[in-house]
Amino acid sequence: MLDEEQFAADPPAYCAGDGAGVRRILDHGAASGRLTHVERLPERPGRRVPWPGWVPADVMKAFAQVGISGPWEHQAQAANLAHAGHNVIMATGTASGKSVGYLVPALAAIAGGGTALYLAPTRALAADQLALVRSLGGYLRPSLRAAVVDSDTPASERLRARKHATYLLTTPDMVHYGLLPQHRRWDGFFRRLRYVIVDECHGYRGVFGSHVAQVLRRLRRVAEHHGAAGDLRFILASATISEPERCAELLTGLATCAITADAAPRGPMTFGMWEPPLTGLRGEAGAPMRRSAIAEAADLLADLVLDGTPSLAFIRSRRGVEAAAAVAKAKLVEAGASDLAQRVAAYRSGYLPHERRELEQALRDGTITALAATPALELGVNIAGLDAVLIAGWPGTRAALWQQAGRAGRAGRDSVAILIARDDPLDTYLVHHPETLLHRPVEATVLDPANPYILAPHLCAAAAELPLSGSDLMLFGPAARGVVADLVRAGTLRERSGLWHLTGLRRGPMTGLRGAGGLSVRIVEETTGRLIGTMDEPSAHVLAHAGAVYPHQGDLYLVRRLDLDEGVALVEAGDPGYVTSARDLTEIEIAAEHRRVDWGGAAVHFGEVLVRRQVVSFTRRKPDTGQPIDEEELDLPPRALRTRAVWCTISPSQRQSLADSGVQLAGAAHAAEHAAIGLLPLVAACDRWDVGGVSMDIHPQTDRLTIFVYDGHDGGAGFAERGFLAAAQWLRSTSLAIADCECTAGCPSCIQSPKCGNGNEPLSKPGSLALLGCLLAGAPR
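Since we're looking at a predicted model, the values are computed, not measured.

This next bit is on the overall build of the protein. In terms of regular secondary structure, the protein is built from 27 helices and 29 strands. What you see for the protein is a C-alpha radius of gyration of 27 Å, in line with the 28 Å of a compact globule of 781 residues. Summarising its shape, the C-alpha atoms of the protein cover approximately 80 × 75 × 60 Å along the three principal directions. Each of the 781 residues in the protein was classed as buried or not, and the buried ones make up 58%. Across the protein, contacts joining residues at least 24 apart in sequence account for 73% of those joining residues at least 6 apart. Surface summary for the protein: the accessible area is close to 30100 Å², and the carbon and sulfur share equals 51%. A distance of 6 Å separates the average location of the 79 positive side-chain charges in the protein from that of its 84 negative side-chain charges.

Structure below.
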């Protein structure tokens with residue numbers, strides 16, 4: 001693995017591009033109106049300090065052999081705090097060398113007879129970190145024995161890791177499914193455990209983050225049982241986030257010191273914001289359509305390859321990655337540069353490990369000039385020397401944006417990063433209001449470990465690992481005692497001699513980490529019995545009903561039958577020439593109002609709601625325009641979701657004033673709901689698919705026009721609460737996004753939603769602006 005300092009000192013020859021391609025792209029973007037904003041980010045010098053005096057000589061020699069002569073200031077600060085017995089979170093930028101900050105204290109502890117556990121959100125990142133740790137071998141043998149344990153690890157290697165590993169690399173899923181249920185087999189490792197390293201922790205948000213927080217509490221409990229708790233410390237590494245101490249405390253349950261001042265050097269960067277042009281085509285309801293962000297990225301990637309500029313395009317989907325690489329190659333062939341077409345490749349999760357390694361090495365040595373990649377590459381792959389990064393679509397958070405943009409310029413040279421907007425309300429808003437992106441702090445991580453739907457199965461898993469005591473309940477938080485009482489009443493736990501035991505024979509984890517429990521539906525190829533994938537039961541109603549077209553890893557499948565009782569959807573491979581979208585009916589009931597703020601006659605509320613949804617039909621649509629072909633009815637059972645929501649109301653007099661001025665109230669509320677969902681990620685670290693919405697001209701409980709936005713997971717995920725806390729900023733941004741869109745009647749860039757269960761009807765763009773103006777008239781500035 002090539003170290004960044006070595007690369008900066010001796011860059012390979014293929015980096016000798018003169019930057020003409022970048023200048024051409026920026027000039028063309030400015031002339032065509034596609035480039036809506038350009039920002040120049042200045043160079044930043046590095047601040048290096050001596051190794052702390054407690055670092056063993058062999059550890060310093062190990063880093064020296066990979067080209068690291070001493071730590072940056074923030075690396076030394078993190079290492080010193082961890083060595084002094086503090087929990088630490090490093091929230092610094094991409095390529096800031098966070099790995100040195102956590103490896104130094106971990107390797108020192110291993111040299112003294114301890115062990116360390118490294119947790120990554122993906123198996124690919126754990127494998128990359130294994131290569132880094134092994135490169136430090138040499139001076140640290142025999143104490144440093146690194147091993148990866150995941151679901152693919154053979155039994156013989158897992159046994160060897162249990163007996164010999166001192167630096168264990170794995171994922172939270174494997175800790176949940178493998179290590180904790182079998183903790184007695186890992187007694188020696190847990191007894192000597194000194195550090196738990198939680199890498200890329202900004203990715204642990206929402207339901208997944210809440211699950212991981214409970215896994216870490218269970219890990220603390222098991223480590224204490226084996227005698228390690230007094231010496232155990234957590235070191236977390238994150239992209240730049242707001243409130244890093246709070247994030248770390250939510251994840252671990254422990255007070256944590258934050259390191260946020262980045263002392264690593266950075267070269268200058270040009271950051272551009274790019275909006276694709278209108279195509280002249282019409283989509284759903286006659287809405288104008290923009291050229292796709294993927295097509296724009298492919299064109300720009302081809303231009304950069306022509307200039308020999310090492311480049312990377314981030315594409316959200318696997319299918320989009322393959323399409324972008326293919327289009328870029330075709331453009332180069334059309335331009336008479338067939339030889340350069342071979343220097344473009346796709347990179348995505350799902351490739352075999354040796355394929356990934358070959359692509360990474362090819363980009364390093366110049367055999368490949370440009371990659372189209374999913375965000376899987378964002379996590380931990382150490383590729384220096386890129387001069388340009390293209391980001392096709394808002395990646396969900398400011399933290400993720402700067403993580404991806406930071407892949408450019410790691411060799412210290414001038415670089416460029418361009419955000420290309422999708423046909424989406426938030427993307428459209430951002431490229432026309434760059435100040436909301438460039439001059440505001442990144443988001444705080446949103447998670448809720450106290451969610452009872454998440455807490456309950458982890459308390460059951462913890463009871464299976466070791467009977468629960470009263471002191472254990474304090475570890476799991478204030479909500480744990482009430483949840484345990486519910487589990488006892490349900491017969492899932494039984495109290496005996498002051499301890500709670502899991503009843504029955506089940507001893508493994510009772511939930512996955514990627515949802516809030518419930519039935520998991522397997523997607524199975526009917527003719528072969530091959531497992532294609534899995535999804536949660538609510539998603540299956542929408543995406544895997546009979547007749548649905550189900551995409552998976554670039555392939556299309558037609559769903560033949562959905563059996564909810566058996567938890568299986570039977571599919572057959574093939575492209576029927578259309579796509580499908582489900583239509584559902586939704587009712588929402590307010591269960592409890594927790595908070596409220598009044599804005600004159602309007603008000604914003606937060607509380608618990610009961611959502612009842614039923615998928616009643618699906619529409620076949622043309623894949624290129626989204627226009628409907630036909631509709632077919634479905635007979636699926638209704639579903640109930642108890643969750644948390646933010647909702648907005650206006651007074652009867654305000655409603656009457658809008659009606660008197662000709663506003664179509666139902667269409668106005670529906671359009672405002674769609675746009676608000678699209679803009680919620682601006683204030684909450686979520687995706688629009690994490691939340692749902694309902695709007696009504698008159699809601700039976702409020703007796704007012706009401707717009708609801710709710711968390712799409714049982715018990716909530718914290719997103720609606722963030723929307724409530726930042727309601728004025730959120731709704732003003734929503735209004736601006738609608739007003740700035742150049743369409744007349746509404747389109748996917750403003751008020752149309754790809755997930756609307758009512759086929760985007762009724763919608764009123766002018767009505768939504770009038771309604772939001774009424775809502776915001778009394779809002780705080």
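Let's pick the thread back up.
Once that is clear, we can look at the pattern of salt bridges. In this structure the tally under the stated criterion is 28 salt bridges. Arg34 is the partner of Glu296 in a salt bridge, and the nearest nitrogen-oxygen pair spans 2.9 Å. You can see Glu296 sitting in helix H12 (residues 293–306) and its partner Arg34 sitting in the loop between helix H2 (20–32) and strand S1 (35–41), a full 262 residues away along the chain. Take Glu296: its relative accessible area is 3%, and that puts it in the buried class. The shortest N-O distance in the salt bridge between Glu73 and Arg47 comes to 3.0 Å. A residue pair is termed long-range when its members are at least 10 positions apart, and Glu73 in helix H4 (residues 73–83) and Arg47 in the loop between S1 and helix H3 (57–64) qualify at 26 residues. The exposure class assigned to Glu73 is partly exposed, which follows from its relative accessible area of 28%. Members of the salt-bridge network, linked through shared partners, are Arg34, Arg291, Glu296, Asp299 and Lys331.

On to the sheet that holds strand S20 (residues 531–536), then. Spatial ordering of the open sheet is given by S20-S19-S23-S22-S21, a layout of five strands whose pairing is mixed. Pairing within the sheet leaves two strands with one partner each, and these edge strands are S20 and strand S21 (549–552). For this sheet, the mean angle separating the axes of adjacent strands, direction not counted, is 35°. The sheet contact formed by strand S22 (residues 555–563) and strand S23 (residues 568–573) spans six bridges and is antiparallel. Bridging from a neighbouring strand, Leu558 pairs with Glu572 of S23.

Glancing now at the nonpolar core. Counting residues in hydrophobic clusters, the biggest one holds 82 residues, and the most contacted among them are Phe271, Leu437, Trp599, Leu680, Trp730 and Leu771. Top element by residues in this core is helix H24 (residues 665–679). It accounts for nine residues. If sequence neighbours within four positions are ignored, Phe271 has contacts with His37, Val38, Glu39, Leu41, Leu401, Trp402, Ala405, Ala417, Leu419, Leu437 and Leu438. Leu193, Val198, Leu254 and Leu513 belong to the second-largest nonpolar core, a separate cluster that totals 43 residues.

As a further point, take the confidence of the model for the protein. Averaged over every residue, the pLDDT of the protein is 87; residues scoring 70 or more account for 92%. Every residue in residues 1–17 scores below 50 in pLDDT, and together they form 41 contacts with partners more than four places removed in sequence or on other chains.

Right, let's get into the packing of aromatic side chains. Per the counting criterion, the structure on display carries nine aromatic pairs. With a centroid separation of 6.2 Å and an interplanar angle of 80°, the aromatic rings of Trp186 and Phe189 are classed as edge-to-face. Taken as a pair, Trp186 and Phe189 share a single burial class, namely buried. Ring centres of Trp647 and Phe708 lie 5.7 Å apart, and the angle between their planes is 35°; this geometry places the pair in the tilted category. Here Trp647 is found in strand S27 (residues 639–649), whereas its partner Phe708 is found in strand S29 (residues 706–711), with 61 residues between them in sequence. An aromatic cluster is built from Tyr102, Tyr118 and Tyr167, whose rings are joined through pairwise contacts. Between Arg48 and the ring centre of Trp72, over which it is positioned, the NZ or CZ distance is 3.8 Å.

Cut-offs used in this document
Residues numbered from 1 in each chain as written. Predicted model: local features only at pLDDT ≥ 70, side-chain atom pairs only at ≥ 80, totals over all residues. Heavy atoms only, no water. Helix = DSSP H or I, 4+ residues; strand = E, 2+ residues; numbered from the N terminus. Rg over C-alpha atoms; globule rule 2.2 N^0.38 Å. Buried < 20%, exposed > 50% of the residue type's maximum accessible area, 1.4 Å probe, protein only. Contact = heavy atoms within 4.5 Å. Areas by Shrake-Rupley, 256 points an atom, 1.4 Å probe, with all protein chains shown as cover. Lys, Arg positive; Asp, Glu negative; His and termini not counted. Charge placed at Lys NZ, Arg CZ, Asp CG, Glu CD. Salt bridge = Lys/Arg side-chain N within 4 Å of Asp/Glu carboxyl O. Pairing = 2+ DSSP bridges. Axes fitted to C-alpha atoms, helices over the stretch in contact; angles between N-to-C directions. Core = buried A, V, L, I, M, F, W, Y, C linked by side-chain atoms within 4.5 Å. pLDDT = per-residue confidence, 0-100. Phe/Tyr/Trp six-rings, centres within 6.5 Å; stacked < 30°, edge-to-face > 60°. Lys NZ or Arg CZ within 6 Å of the ring centre and 35° of its normal.

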